[in-house]
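Structural characterization, general
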Amino acid sequence: MSWGTELWDQYDNLAIHTSKGIEFLDKYANFIRDRLAIETEYAAKLRRLAKNYQPKKKEEDDNEFTSHQAFRNVLKEINDLAGQREVVAESLQLQIIQGITLLSKTLREERKKCLSNGTYLQQNLSSQLSALERAKRNYEKAYRDSEKAVDNYKKADMDLNLSRAEVERYKNIMTAKIQQSDDAKNEYANQLQKTNNLQQQHYNELLPEVFNRLQELDEKRTRGIREFIIGAADVESSVAPIIARCLEGMVKAGESINEKEDSYKVIERYQSGFTPPTDIPFEDLSKQDPESSQESHYNNVQSSHLTVKGTISANRIKKRVGIFNIFGSNKQQKIIEACITLKNSLTADGQKEDFSDLPPNQRRKKLQAKIAELQQKIAQETAARDGLMKMKVVYEANSSLGNPMTVEGQLNESEHKLEKLKIDLKKYQGYLERANQIPMASNSPQANRNNLHNGHRVSRHSNGSTEDNNEDGDDQPDDGGSLSRSDSEDNVAQIQNGHNNNNNGVSLSKTHLNNSSASPESGLGTSHTSLPGSGQGSAHDNAMGEDAYYETEMELLQPLGTCRALYPFEATSEGSIPMNEGEVLQVIEIDQGDGWTRVRRLNNTNGWDEGFVPTSYIECTLYA
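For clarity, every value in this text was computed on a predicted model and none was experimentally measured.

How each quantity is defined
- Residues numbered from 1 in each chain as written.
- Predicted model: local features only at pLDDT ≥ 70, side-chain atom pairs only at ≥ 80, totals over all residues.
- Heavy atoms only, no water.
- Helix = DSSP H or I, 4+ residues; strand = E, 2+ residues; numbered from the N terminus.
- Buried < 20%, exposed > 50% of the residue type's maximum accessible area, 1.4 Å probe, protein only.
- Contact = heavy atoms within 4.5 Å.
- Areas by Shrake-Rupley, 256 points an atom, 1.4 Å probe, with all protein chains shown as cover.
- Axes fitted to C-alpha atoms, helices over the stretch in contact; angles between N-to-C directions.
- Parallel < 35°, antiparallel > 145°, perpendicular 65-115°, else oblique.
- Nonpolar A, V, L, I, M, F, W, Y, C, P; charged D, E, K, R; others polar.
- Salt bridge = Lys/Arg side-chain N within 4 Å of Asp/Glu carboxyl O.
- Expected span 1.5 Å × (residues − 1).
- Arc of directions from axis to C-beta.
- Polar contact = N/O pair within 3.5 Å; in protein donor to acceptor, adjacent residues only side chain to side chain.
- Core = buried A, V, L, I, M, F, W, Y, C linked by side-chain atoms within 4.5 Å.
- Left-handed = near helix turned anticlockwise from the far one by under 90°.
- Pairing = 2+ DSSP bridges.
- Patch = residues over 30% accessible without salt bridge, like charges linked within 9 Å, V, L, I, M, F, W, Y side chains within 5 Å.

Details of the overall build of the protein chain
Counting its regular elements, the protein chain contains 13 helices and nine strands. Taking all 624 residues of the protein chain together, 36% fall into the buried category. Across the protein chain, the fraction of contacts at a sequence separation of at least 24, relative to all contacts at a separation of at least 6, is 70%. Here the protein chain has roughly 37,300 Å² of accessible surface; of this, 51% comes from carbon and sulfur atoms.

In structure tokens:
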């Protein structure tokens, strides 16, 4: 089937059809461009997604869990998947978009030439038809004039009144008209033959050639669209195996998750090494002397206001006395020196250098990790030193390669580093050896509570050993009325750093609780106890410090301002108090980062009610 044969009279429609075909090709090119933009954006968003969910530096400890490792592998596969989408976009740009652009340009130029040639042929045929029409009109006029001249001659010849000369004149006119008619007839015949030849050539040869070229252009365009669609699919198919491997990697990452292994790692991470507490002994008060009974009662009173983690109950009001209000001037200097020493012994993350503030099991793990790190650094530094020594030997053997003295300084520095690393390794190995000798049971918090029996106060030292202190023993503060040694040092370090200032001077704030929520709701709230004594000095000074602390404990804390309840709050645990919307309360301790504020209200029945409320539930106005 040929356009030149079948569509010989559809020149205008073919011109419109070919124009629409090229426009459709451009439309498909725009479609590929839009898809390319989507692929590029999709790849960029996938990369951004994987980047946003990369584990942070503070989450490095969680990377040991199989679920976290699997998720990291999934993020890697997502990155690879994004790379394949970028490959698709790049291939579409290079293979499809550029091909369509080149084809569209070629088709437009060839179509323009074909239509220009066809227009020229149409104009030639139209000109020939116009000449034929003129020749025909001239012939018709000449023929009518000749017939009229013949009639006039016949009439003149039959009219007897006319002279011979008049008749001859009509005859000459007739002869001329007949000659003109014959000439016009011959011209018409020539034009007709010429027109027929041109028209036959136009519709059988010239115009079909133009139409066939247009047909070839349109078929080329259609074939190009087919190839481009298949090419776009091939681009997608070429990355499909890699995408399938990415998906297989995600499946393998999911299958690599082992819940039992993760549970074991949780045990390894958080196992303290403490043994469960033993039974609490029965205290027969009838067999104790009055002084011991009174002292035991005092200890019970002191400890009854603290929860397991040191949170003050709402039934007892305790004033946090500033450190410089508790101790005399001679003890202030000692505390400051202890603060400086404690601060220098802390690591960058706030833990002690020997990790003695951690449970036994966690302490051993930290020490073992530190020793492994130091051993690795020693190996690296040793390799670097050996390399420098070899370089020095080479320089000494051939001075043209370099000056041996340039390596001498680096060797000395490397030796100093190695010496320091070996000293640190020996120190931490000593820490680990001492940590392995500490019995686990004596470090249990429950065991410390059980040490208060038979009228004696038993204080626990930092090395895990216990010491039975009676009235004539060392002046260590009892567990019921003071913080533990590590908690005291933490608070002192906070004071040395200048934290927690109020209008009464520097005071000790809430003690740090490792990995626990600092709220009354959790049952592990932060402690609001204050240091009763430094734990150093004479027994008389210590006794006076304990008496002063016990007396100030009964005093009311000075209000720091007022607050208004924005929402109602129901107290659900010990240490918190309820409040109604719009109620005005006194602020006696501001929020120190745990989300809770300590407030007080006047109660006509019981005197003062005191406890914690959520900071986000109130609007505070502090005194200047």
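Now that the structure is up, let's keep going.
Observations regarding the packing of helix H3 (residues 66–158) against helix H5 (residues 259–270)
The interhelical angle for the contact between H3 and H5, taken along N-to-C directions, is 120°, at an axis separation of 8 Å. When the interaxial angle is binned, H3 and H5 end up oblique. Across from Thr66, Ser67 and Gln69 in H3, the residues of H5 making contact are Glu261, Asp262 and Lys265. Classifying every residue of the contact of H3 with H5 by side-chain character gives no nonpolar, three polar and three charged.

Structural notes on the environment of Lys136
Mapped onto the elements of the fold, Lys136 is located in helix H3. The exposure class of Lys136 is partly exposed, given its relative accessible area of 33%.

Re the pattern of salt bridges
One pass over the structure, following the stated rule, counts 22 salt bridges. Two residues, Lys377 and Glu373, come together in a salt bridge whose shortest N-O distance is 3.3 Å. Here the residue Lys377 and the residue Glu373 both occupy positions in helix H9 (residues 360–397), the gap between them amounting to four residues, near one helical turn. The shortest N-O distance in the salt bridge between Lys427 and Asp424 comes to 3.9 Å. Here Lys427 and its partner Asp424 are both found in helix H10 (residues 404–437), three residues apart, which amounts to about one turn of the helix. Overlapping salt bridges, with partners in common, bring together Arg35, Glu39, Arg85 and Glu236 in one network.

Observations regarding H5
Between its first and last C-alpha atoms H5 spans 17 Å; for twelve residues at 1.5 Å apiece the expected length is 16 Å, and the two agree. For H5, the full list of buried residues reads Asp262, Lys265 and Arg269. Along the axis of H5, the buried residues cluster in a sector spanning 60°; they form a single face. Exposed side chains of H5 directed beyond 90 degrees from the buried face belong to Lys260 and Tyr264. In this structure, the buried residues of H5 make contact with H3 and H9. The opening residue of H5 is Asn258, an N-cap whose side-chain oxygen sits 3.0 Å from the backbone nitrogen of Lys260.

Brief notes about the nonpolar core
If you look at soluble globular proteins, the nonpolar side chains tend to sit buried side by side. With 39 residues, the main nonpolar core has Leu92 and Phe211 as its most contacted residues. Of all the elements in the fold, those that place two or more residues in this core are helix H2 (11–52), H3 and helix H4 (164–255). Counting residues per element, this core draws most heavily on H3, at 15 residues. Of all hydrophobic cores here, the second largest spans 13 residues; its members include Phe355, Ile371, Tyr428 and Leu432.

As for the packing of H2 against H4
At a minimum axis separation of 11 Å, H2 and H4 run at an interaxial angle of 15°. In terms of their interaxial angle, H2 and H4 are classed as roughly parallel. Remark: the crossing between H2 and H4 carries left-handed chirality. Residues Tyr11, Leu14, His17, Thr18, Gly21, Ile22, Phe24, Leu25, Tyr28, Arg35 and Glu39 of H2 pack against Leu207, Phe211, Leu214, Asp218, Arg221, Ile225, Phe228, Ile229, Ala232 and Glu236 of H4. For the contact of H2 with H4, the class distribution of residues is 13 nonpolar, three polar and five charged.

A few points about the sheet that holds strand S9 (residues 618–622)
Across the sheet, which stays open at both edges, the five strands sit in the order S8-S7-S6-S5-S9 with antiparallel pairing between neighbours. Of all strands in the sheet, those with a lone pairing partner are strand S8 (607–614) and S9, marking the two edges. Neighbour to neighbour, the strand axes of the sheet diverge by 35° on average, direction disregarded. Looking at chain direction, strand S5 (residues 561–565) and S9 are connected through five bridges and run antiparallel. By the bridge assignment, Arg564 is partnered in S9 with Glu619.

Some points on a nonpolar patch on the surface
Nonpolar side chains collect at one region of the surface, where Leu49, Tyr53 and Phe71 lie side by side and expose about 310 Å² of accessible area between them. By secondary structure assignment, the location of Tyr53 is in the loop between H2 and H3.

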